[in-house]
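# Summary of structural features
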Amino acid sequence: IFTSPAFLYHYKGWKFINNKVYVIENKLSSYFTSHKRPKNYKENGRIKIGLLGLLRYERPIKMLVNFIKDNTKTVKLICYGDGPYKDFIIENSDENIIYKGSLKSPEDLEKIYGHIDINFIVYENTLLNVRLALPNKLYESVFWNVPIICSKNTYLSSVVKKWMVGSEVSFDTQKEFNNQLQSLFKKTWIKNK
């Protein structure tokens, strides 16, 4: 069982593929059918970027924290999660970088997505799984009308662009990363996505 059609493309031609493989994406559970979705983006102060889940990709996390520190008047980071870079987030916490602790899924998701304007799903795209997978956050973000920023050169980025629900970034250099985010993080971009 694959959770992303991209795995089928990768393994095409392998003997086990014939009639033995299913694609079942990580879509939202029926738990959410009774939940209300926000209707529109609400402009109120700085843009709130959400960093949610397992905090394990060092380079994008550190670049995001640097970006936040350079743009304190326009953006802030709201972080929920655990993992290897949790302490890094806590050490850098201030009025613009806020660590809210662990999250409980699915119970906390409605509240969390109601407090962020953009979901930062930028992972190390040097890993094959990252290039091919479709994370739960794709479906959560779409359900709660929260635009996505994701890694360039991934299957996720192709879906995000096709569905017009966000944008991709590369993180080769801090300057390039900052320029890309600054061009995206406009309230009109958020409303359109």
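So, here's what we can say about the structure. Here the structure is a predicted model, which is why all the values come from computation and not from measurement. (Residues numbered from 1 in each chain as written. Predicted model: local features only at pLDDT ≥ 70, side-chain atom pairs only at ≥ 80, totals over all residues. Heavy atoms only, no water.)

## Looking at the overall build of the protein
To keep things clear, this is the line we draw: Helix and strand assignments follow DSSP, with helices taken as H or I runs no shorter than four residues and strands as E runs no shorter than two, numbered in order from the N terminus. Whether two residues touch is decided by their heavy atoms; if any such pair falls within 4.5 Å, the residues are in contact. Only the protein chains shown count as covering a residue, and every accessible area follows the Shrake-Rupley method with a 1.4 Å probe.
Per the secondary structure count, the protein includes nine helices and six strands. A separation threshold of at least 6 residues defines the contact pool for the protein, and within that pool the share at least 24 residues apart is 63%. With the model as given, the accessible surface of the protein reaches about 10700 Å², and the carbon-plus-sulfur share is 50%.

## Observations concerning empty space enclosed by the protein
As a reminder, the rule being used: Cavities and pockets were defined on a 1 Å grid built over protein atoms only: a cavity is a set of grid points that admits a 1.4 Å probe from which the probe cannot escape, a pocket is an open set flanked by protein on both sides within 12 Å along at least five of seven lines, and lining residues are those with an atom within 4 Å of any such point. Grid points are joined across faces, edges and corners, and a volume is the space filled by probe spheres set on the points. Each residue receives one of three labels: charged for Asp, Glu, Lys and Arg, nonpolar for Ala, Val, Leu, Ile, Met, Phe, Trp, Tyr, Cys and Pro, and polar for the others, Gly being one of them.
All told, the structure shown has one cavity of 30 Å³ or more when counted by the stated rule. In this model, the largest cavity occupies a volume close to 70 Å³. In terms of residue count, strand β1 (residues 47-54) provides more of the lining of the largest cavity than any other element does, three residues in total. Of the residues that constitute the lining of the largest cavity, the class distribution is nine nonpolar, no polar and two charged.

## Description of the nonpolar core
Here is the rule: For this analysis, a nonpolar core means a set of buried residues of the types Ala, Val, Leu, Ile, Met, Phe, Trp, Tyr and Cys, connected via side-chain atoms within 4.5 Å. Think of it in three bands: with a 1.4 Å probe and only protein chains considered, a residue is buried below 20% of the maximum accessible area for its type, exposed above 50%, and partly exposed in between.
Counting residues in each nonpolar core, the largest one holds 29 residues, and the members touching the most others are Ile89, Ile149 and Phe185. Going through the elements one at a time, β1, α2 (58-70), β2 (75-82), α3 (86-91), β3 (97-99), β4 (118-121), α8 (174-184) and α9 (187-192) are the ones with two or more residues in this core. The greatest single-element share of this core, amounting to six residues, is contributed by α2.

## Some remarks on the sheet that holds strand β5 (residues 148-151)
Our working definition: A strand pair is defined by DSSP finding two or more bridges across the two strands. The axes used here are C-alpha line fits, helices contributing only the stretch in contact, and every angle between their N-to-C directions lies in the interval 0 to 180 degrees.
Spatial ordering of the open sheet is given by β3-β2-β1-β4-β5-β6, a layout of six strands whose pairing is parallel. The open sheet has two free edges, formed respectively by β3 and β6 (166-169), since each of these has just one partner strand. Each strand of the sheet is rotated relative to its neighbour by a mean of 25°, with strand direction disregarded. Across the sheet, helix α6 (residues 136-143) lies against β1, β4 and β5, angled at about 170° from β4, the strand it touches most.

## Section: the pattern of salt bridges
As a reminder, the rule being used: Salt-bridge detection follows one rule: a side-chain nitrogen of Lys or Arg within 4 Å of a carboxyl oxygen of Asp or Glu.
Scanning all chains against the criterion turns up four salt bridges. In this structure, Glu58 engages Lys62 in a salt bridge whose closest nitrogen and oxygen atoms are separated by 2.8 Å. Here the residue Glu58 and the residue Lys62 both occupy positions in helix α2, the gap between them amounting to four residues, near one helical turn. Residue class for Glu58 comes out partly exposed when judged on its relative accessible area of 35%. For the salt bridge of Asp82 with Lys86, the shortest nitrogen-to-oxygen distance reads 3.4 Å. By relative accessible area, which is 30% here, Asp82 ends up partly exposed.

These results come straight from atomic positions and should not be treated as a statement about function.
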